[in-house]
Each structure stands twice: as structure tokens, then as C-alpha cells.
Amino acid sequence: MTKRNTKQRRHIIITELNNSGEVSVDQLSKKFDTSEVTIRKDLAALENSGLLLRRYGGAVSLPRELIEPKCEKLSKRKISIAKKAATLIRDHNRIILDSGSTTSALVNELSKKSGLVVMTNSLSIASEIHALENEPTLLMTGGTWDPLSESFQGKVAESVLRSYDFDQLFIGADGIDIERGTTTFNELLGLSQVMAEVSREVIVMIESEKINRKIPNLEIPWQQVHTLITDDDLSEDVRNKLIKQGINLICAK
């Protein structure tokens, strides 16, 4: 199975995990005829998506009764955040949608706009945009495929972005450092920073539970962020600290 089948491989891993309750790196490496490094990357990506729990030598499934309520709650939050983000988009805007589940929730809201130009580095988001009846003009970055983020990254993607200018960037994050800005587990920071550079307005979309996560990689500093959209599950202290950073804070209900 080749790198092009990363999503299919990960789907099979989850299926096997649901059937047996646990999987091992060694077993999966032999099954897919791929390296143990690749399997560990798969398990790390699936864990970050909340689909399993890694342990030494493999992974185990999360208890279903714990997963389902959380996923439902997060889904509602993402939809609410996306609806708020959509109110900032005007007809004929030129926008960037970065890869990620929160930004992808914005796609359905774009069907209510006309004359949009949309750039993305995500194949799945591009496919969803292509299916919209109002047919926004779709641009893709191209570049080097990153299986961890399931998006295009690298110098080619950065060069393509610098050929355009955009009204707005809609981007997620793995975490928020209240003192510094958005943070990420991914060490491939270049494309996100170029996205911010070529956009007049940077809009961060993130669930409140990710705020104050301790992640070392600073992605976009507050000086470049115009608006932060999150849910309304924020303490008054956190709200005040975020507002002091000079950003427009929007809390979706």
C-alpha cells in the first residue's frame, strides 16, 4: 500500500481497532508492508483526531461511551464557530481555507455567498468546495503532500500563495498560547505563516478547550491575528486576557 493510500490505511486501522480493541505496530507494519515509522505516524495522527489511545508498541480503542458525547459536543461547537466565521465573509471575497476539521465546517456556509475565490491546501476541502452549487472559483496550492496534516506544504505551495493576495485567511490551530499566539504540533510552519502574510485579515477558528494548551511551536503571533472565533465556554479571565492582545474576540453560542 503506497503513501497515496494513507487515508485508506488509517481507515482500516480504525476498523481493526474497533473489532479487536487493540492493534500493534509490528502487526500493522507487516499487514500493510510498510515501515514501523509510517505506522507510528498513522497512530499519532489518529490519536490527535481523538480516535484511539497510543500505548507502547501499538494502540487501544477509546471507550465508546466516552467518545460519542465528546464528538457530538465538538461537532456542534465547530458548526457554531463556522456560522460566526461566515458572517465575516462578503460576496466576491478572496479567501484562504487552511486544512483542518474546524475550517472544513465553514465550507457549507460558503454556499450562501456569491463570486467567491477560495484557495486551499486540503484535498478534502477542495472536493467539498467543488461540489457547492454556487461554484466558487477554486484554487489549490499544490506542493509536497504531508500525511500527518493531510495537506500540501512546502516551498512550492508557499510560492503559489505569494502569487496572489487575499482578503481573509481562515485557519485553525492545535492550541492557543495567550501570551504569544496560535501554536501547533506540526513543525511545518512555513505555509501557515505565508498564508497570513498574503491575507489582509487573519481569522483563527478554534474550540475553547484548546486555549492554554502548552505546545512549543508558535505558528502565528498575535500581531498578525485580527479575529479569534471560539465557543462561549471561556472564563471571564481568559476572555479579558485575549482581548488585551488587541484582537477581535468572537464567542459563538
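Definitions and cut-offs
- Residues numbered from 1 in each chain as written.
- Predicted model: local features only at pLDDT ≥ 70, side-chain atom pairs only at ≥ 80, totals over all residues.
- Heavy atoms only, no water.
- Helix = DSSP H or I, 4+ residues; strand = E, 2+ residues; numbered from the N terminus.
- Rg over C-alpha atoms; globule rule 2.2 N^0.38 Å.
- Buried < 20%, exposed > 50% of the residue type's maximum accessible area, 1.4 Å probe, protein only.
- Contact = heavy atoms within 4.5 Å.
- Areas by Shrake-Rupley, 256 points an atom, 1.4 Å probe, with all protein chains shown as cover.
- Lys, Arg positive; Asp, Glu negative; His and termini not counted.
- Charge placed at Lys NZ, Arg CZ, Asp CG, Glu CD.
- Salt bridge = Lys/Arg side-chain N within 4 Å of Asp/Glu carboxyl O.
- pLDDT = per-residue confidence, 0-100.
- Core = buried A, V, L, I, M, F, W, Y, C linked by side-chain atoms within 4.5 Å.
- Axes fitted to C-alpha atoms, helices over the stretch in contact; angles between N-to-C directions.
- Parallel < 35°, antiparallel > 145°, perpendicular 65-115°, else oblique.
- Left-handed = near helix turned anticlockwise from the far one by under 90°.
- Nonpolar A, V, L, I, M, F, W, Y, C, P; charged D, E, K, R; others polar.
- Pairing = 2+ DSSP bridges.

Peer 1: Break down the overall build of the protein chain for me, citing the residues and quoting the values.
Peer 2: Helix and strand counts for the protein chain come out as nine helices and 15 strands. On C-alpha atoms alone, the protein chain measures out to a radius of gyration of 19 Å, which is about the 18 Å that the 2.2 N^0.38 rule sets for 253 residues. Oriented by its inertia axes, the alpha-carbon framework of the protein chain measures out at about 50 × 40 × 35 Å. Across the 253 residues that make up the protein chain, the buried fraction comes to 46%. Nonlocal contacts in the protein chain, meaning residues at least 24 apart in sequence, comprise 59% of its contacts between residues at least 6 apart. Of the accessible surface of the protein chain, which amounts to about 13200 Å², a share of 49% is contributed by carbon and sulfur atoms. The averaged location of the 35 negative side-chain charges in the protein chain is 1 Å from the averaged location of its 34 positive side-chain charges.

Peer 1: Account for the pattern of salt bridges, with residues named and values stated.
Peer 2: Evaluation of the coordinates by the stated rule reveals 21 salt bridges. Between Arg10 and Asp42 there is a salt bridge whose closest N-O contact spans 2.8 Å. Taken together, the residues span a long stretch of sequence, with Arg10 in helix α1 (residues 6–20) and Asp42 in helix α3 (residues 36–48) at a distance of 32 residues. With relative accessibility at 6%, the residue Arg10 sits in the buried group. The class for Asp42 is buried, based on a relative accessible area of 1%. Residue Asp177 pairs with Arg180 through a salt bridge whose shortest N-O separation is 2.8 Å. We classify Arg180 as partly exposed; its relative accessible area is 33%. The structure contains a network of salt bridges with shared partners spanning Arg9, Arg10, Asp42 and Glu150.

Peer 1: Could you give an account of the confidence of the model for the protein chain, naming the residues involved and the relevant values?
Peer 2: For the protein chain, the average pLDDT comes to 88, and 93% of its residues sit at 70 or higher. Under a pLDDT of 50 for its full length, residues 64–73 has, in the predicted model, four contacts with residues more than four places off or in other chains.

Peer 1: Describe the nonpolar core, listing the residues and the values that go with them.
Peer 2: Counting 31 residues, the largest nonpolar core has Ile96, Leu161, Ile176, Val202, Val204, Leu228 and Leu242 as its most contacted members. For this core, the secondary-structure elements that each account for two or more residues are β5 (117–120), α7 (155–161), β9 (166–171), α8 (190–197), β12 (199–205), α9 (236–243) and β15 (248–252). With residues up to four places along the chain from it excluded, the contact list for Ile176 reads Gly181, Thr182, Thr183, Val204, Ile206, Lys210, Ile211, Asn212, Arg213, Trp222, Leu228 and Leu242.

Peer 1: I'd love a proper account of the packing of α1 against helix α2 (residues 25–32), names of residues and values included.
Peer 2: Following both chains from N to C, one finds α1 and α2 inclined at 130 degrees, their axes separated by 12 Å at the closest point. In terms of orientation, α1 lies oblique with respect to α2. You can see that α1 and α2 cross each other, and the crossing is right-handed. When α1 is examined against α2, the residues Arg9, Ile12, Ile13 and Glu16 are found in contact with a partner set consisting of Gln27, Leu28, Lys31 and Phe32. Grouping the constituent residues of the contact of α1 with α2 by class yields four nonpolar, one polar and three charged.

Peer 1: Which residues make up the sheet that holds strand β3 (residues 58–60), and what values do they have?
Peer 2: Ordered by their spatial adjacency, three strands build an open sheet running β1-β3-β2, and the pairing between neighbours is antiparallel. Sheet topology places β1 (22–24) and β2 (53–55) at the edges, where each strand pairs with a single neighbour. Strand-to-strand twist across the sheet, computed as the mean angle between neighbouring axes with direction ignored, equals 25 degrees. When β1 meets β3, the two strands line up antiparallel, connected through three bridges. Counterpart to Val23 in the pairing with β3 is Ala59. Relative to β1, α2 is tilted by about 70 degrees, and along the sheet it contacts β1 and β3.

Peer 1: Can you lay out the sheet that holds β9 for me, pointing to particular residues and giving the numbers?
Peer 2: Overall, parallel pairing links the seven strands, which are arranged β6-β5-β4-β9-β12-β14-β15 in an open sheet. Whereas interior strands pair on both sides, the edge strands pair on one side only; in this sheet they are β6 (137–140) and β15. Looking at each pair of strands side by side, their axes are set apart by 20 degrees on average, direction ignored. Pairing analysis gives five bridges linking strand β14 (residues 227–231) to β15, with the strands arranged parallel. Note on β15: the bridge partner recorded for Thr227 is Asn248.

Peer 1: Quick one: what's the story with the environment of Ser127, residue by residue and with numbers?
Peer 2: Mapped onto the secondary structure, Ser127 falls in helix α6 (residues 123–130). A relative accessible area of 49% means that Ser127 is categorised as partly exposed. Sequence separation between Ser127 and Leu138 is eleven residues; the distance between their C-alpha atoms is 9.6 Å.

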